[in-house]
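Commentary on secondary and tertiary structure
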Amino acid sequence: MIHSHHDIVIVGSGIGGLSTFLYLTESDAFKAGELSLCLIAKSTLSTTNTDWAQGGIAAVHAIGDDVEKHIEDTMVAGADVNDKQVVRKVVEAAPALLNDLIRWGTCFDKNAANDYDLAQEGGHSEARIWHVEDQTGHAIQVALMQSAIVSDNAKILENTLLVNVIKDVNGLFHLHLFDVTNACFFEITTSKLVLATGGAGMLYAKTTNQHVATGDGIFFAQKLGATIENLSYVQFHPTGLFHDGNISFLVTEALRGAGAVLRNQQGIAFMHQYDKRLELAPRDIVSRSIITEMKKQGDACVWLDATHLSSEVIDHHFPAIKSQCKALLNIDIAKELIPVVPVQHYSCGGIKVDVFGETNVSGLFAIGEVASTGLHGANRLASNSLLEAIAFAKFATEKLLDTKHEVNLKAPVHFKLECFDIDRNQVQNLISQHAGIIKNTKGLQQALAALQFIKSNAVAVSFDPYQFASGVLLDVGILLIEDALRQDQNRGVFYNEDLVNDLVP
Ligand SMILES: Cc1cc2nc3c(=O)[nH]c(=O)nc-3n(C[C@H](O)[C@H](O)[C@H](O)COP(=O)(O)OP(=O)(O)OC[C@H]3O[C@@H](n4cnc5c(N)ncnc54)[C@H](O)[C@@H]3O)c2cc1C
């Protein structure tokens, strides 16, 4: 088994992982040759949720906007469950972080006056969303990948799957890795481990997430003894493109920001019945409103109407949505309504970290969607997640660089690799049915019992990356349902109809 050591290993190549890598390579310690880094990604570098982000990244910039308004919007969306100190720290840091993204090569759209062209999204009281057409995440992903220069002291390994982590008695992390291309295992040790493994959308049958979003970071962190919190704070995006009973594409919030209206099957606009902010109410409210309206009418979807927007707005700001709707459904969004339904989108909870992104396990960090930082509270404000990832990459760099462990105190470890024959569809269907937008206690209990039954009856099989990920999903799914059963209040995205119904609708 090949064995190497790095001072810091980062797992994940989205905005969380790559921006951590870049900040570290800009440090004096790295430039002086005193720091070795390694970043790994289980698929290609660009296979990330980051690459699929559409709308943009939030930061105060326009005249009339200010930090207090961004803080207030974030707290309102998060139902005040947010950690206000963290919200302030991130929001205040945002403009400088945007400069880092620009410095690394992201060309955000500008307007005719040559200033940044800021969009407004649901829950934001001002236009503060920096974007690159409707493909902001892709532009950021490409810029970060191009800026991440590899060297002897900074390695990047694609198609490398983390399958196990053990912390030895001397505090070193031993990473058991599977080289997907050559189908072989190897080990890396590190003093500091950064989990930037993204979300867990694959827990659900219908999600906007990439296939790599299987909750691996939660799985490993929990085994290492880290605190996991609020996993059941799952955000559903109100407008997944509904296509042959499936969700094939996300229709960005910015389209509603530009004036698109939600209509039921009768063509009647309905958001005014649910919230005075109409289509720009926070996502949890829009999602629950759509589900309630679909139930009322007995419909399989609702419709998003952008036909009154000018072709200039559509062509300039939403070219990807226009071409996807044409390609998948033969719909011209300038003339026809778009069928949409709410779809799993974002994990607000995760591995609990401090203001430097460190967990309660010394040396273990979590950055990006996998982390629970306190920024989002019980619901993420749109376009705050790319921001959170780069903010904590920056904050963590300080602590990642503060001490250096001795490397010659490795204690031997024995990896136990477990892989089971698990029906992933069954797991996803149970979670989708019982831990969706509107939950009830009996359903959650039934799902928990069924998932535990699957776990205790699972048959061991030889290692296979897909089956391994299905086992991870089963374990993380159990954690999510247990978390949902512990929640005693409906707040933000969390809604159990058996709890006191103090939420609208
Ligand atoms: C369709 C879509 C649109 C979105 N739009 C926006 C938006 O407009 N604005 C916004 O702020 N947010 C948006 N989001 C959310 C945002 O994109 C994500 O929260 C963010 O990109 C997550 O970044 P990350 O670095 O944490 O994870 P990701 O970008 O998902 O990267 C995860 C990385 O971890 C690696 N990994 C995972 N497990 C392992 C393992 N076991 N071994 C090795 N590697 C592993 C993966 O290979 C990948 O490289 C959107 C999300 C989606 C899906």
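Residues numbered from 1 in each chain as written. Predicted model: local features only at pLDDT ≥ 70, side-chain atom pairs only at ≥ 80, totals over all residues.

**Thoughts on unusual backbone geometry**
One non-glycine residue, N159, adopts positive backbone phi at about 45 degrees. Along the polypeptide, N159 turns up in the loop between strand 5 (154–157) and strand 6 (160–167). Note on N159: 17 C-beta atoms within 10 Å, which makes it partly exposed. A positive phi angle is found at N330, which is not glycine, with a value near 55 degrees. By the element assignment, N330 lies in the loop between helix 11 (319–329) and strand 14 (338–347). (Helix = DSSP H or I, 4+ residues; strand = E, 2+ residues; numbered from the N terminus. Buried ≥ 20, exposed ≤ 12 C-beta atoms within 10 Å, placed from the backbone.)

**Some remarks on the environment of T160**
Following the sequence through the fold, T160 ends up in strand 6. Along the chain, T160 and N209 lie 49 residues apart, while their C-alpha atoms are 20 Å from each other. With residues near it in sequence (within four places) discarded, T160 still touches I40, A41, K42, L177, D179 and V180. (Contact = placed C-beta atoms within 7 Å.)

**Section: the sheet that holds strand 9 (residues 228–229)**
Taking strand neighbours across the sheet as the criterion, the three strands line up as 9-15-17 in an open arrangement whose pairing is mixed. Taken across any chain shown, the strands that pair with only one partner, and hence form the sheet edges, are strand 9 and strand 17 (371–372). Bridge count between strand 9 and strand 15 (residues 350–352): two bridges; the pairing is antiparallel. From the neighbouring strand, I228 faces strand 15, where its bridge partner is I351. Those strands touched by helix 7 (residues 216–223) are strand 9 and strand 15, and its axis lies near 40 degrees from that of strand 15. (Pairing = 2+ DSSP bridges. Axes fitted to C-alpha atoms, helices over the stretch in contact; angles between N-to-C directions.)

**Describing the site of the ligand**
Within the structure, the ligand sits among 43 residues, and G12, G14, G16, G198 and G368 are positioned closest to it. For the shell around the ligand, the secondary structure elements donating two or more residues are helix 1 (15–25), helix 3 (49–52), helix 6 (136–147), strand 6 and helix 12 (385–400). Looking at the shell around the ligand, its residues break down into 17 nonpolar, 23 polar and three charged. (Near = placed C-beta within 6 Å. Nonpolar A, V, L, I, M, F, W, Y, C, P; charged D, E, K, R; others polar.)

**Let's talk about the domain arrangement of the chain**
How big an interface is tends to be stated in terms of accessible area lost as the parts join. Partitioning the chain into structural domains gives domain 1 (3–232 + 348–400), domain 2 (239–342) and domain 3 (420–486). Spacing between the C-alpha centres of domain 1 and domain 3 amounts to 26 Å. Between domain 1 and domain 3, the residue contacts involve 20 residues of the former and 17 residues of the latter. Put simply, the parts of the chain that give the side of domain 1 that touches domain 3 at least two residues each are strand 6 and helix 7. Partitioned by chemical class, the residues of the side of domain 1 that touches domain 3 number 13 nonpolar, five polar and two charged. (Domains from an automatic or database assignment.)

**Observations regarding helix 14 (residues 441–457)**
When the terminal C-alpha atoms of helix 14 are compared, their 24 Å separation across 17 residues agrees well with the 24 Å that a helix rising 1.5 Å per residue should span. Along helix 14, the residues that are buried comprise G443, L444, A447, L448 and L451. Relative to the axis of helix 14, the buried residues are bounded by an arc of 135 degrees and lie together on one face. Away from its buried face by more than 90 degrees, helix 14 exposes K442, A449, F453, S456 and N457. (Expected span 1.5 Å × (residues − 1). Arc of directions from axis to C-beta.)

**With respect to the pairing of strand 1 (residues 3–11)**
Inspection of the sheet shows strand 1 paired to strand 8 (residues 184–195) by eight bridges, in the parallel sense. Paired with H3 across the strands is E187, a residue of strand 8. Sheet topology places strand 1 next to strand 2 (residues 37–40); four bridges connect them, and they run parallel. Opposite I10, over in strand 2, you have L39 as the bridge partner.

**Examining the nonpolar core**
Among the nonpolar cores identified, the biggest contains 145 residues, and V194, L195, I351, I367 and L387 are the most heavily contacted of them. In terms of residues, this core owes the most to one element, helix 12, which gives 10 residues. Excluding its chain neighbours within four sequence positions, the residues that come into contact with L387 are I57, A58, A59, V90, A94 and L97. (Core = buried A, V, L, I, M, F, W, Y, C linked by C-beta atoms within 7 Å.)

**Quick look at the packing of helix 13 (residues 424–434) against helix 15 (residues 465–486)**
In a pair of packed helices, the angle between the axes and the distance between the axes together describe the arrangement. One can describe the packing of helix 13 onto helix 15 by two numbers: an axis separation of 10 Å at closest approach and a directional angle of 20 degrees. The angle between helix 13 and helix 15 falls in the class roughly parallel. The interaxial crossing formed by helix 13 with helix 15 has left-handed handedness. Contact residues: R424, V427 and I431 in helix 13; S470, L473, L474, G477 and L480 in helix 15. Class assignment of the residues belonging to the contact of helix 13 with helix 15 gives a composition of five nonpolar, two polar and one charged. (Parallel < 35°, antiparallel > 145°, perpendicular 65-115°, else oblique. Left-handed = near helix turned anticlockwise from the far one by under 90°.)

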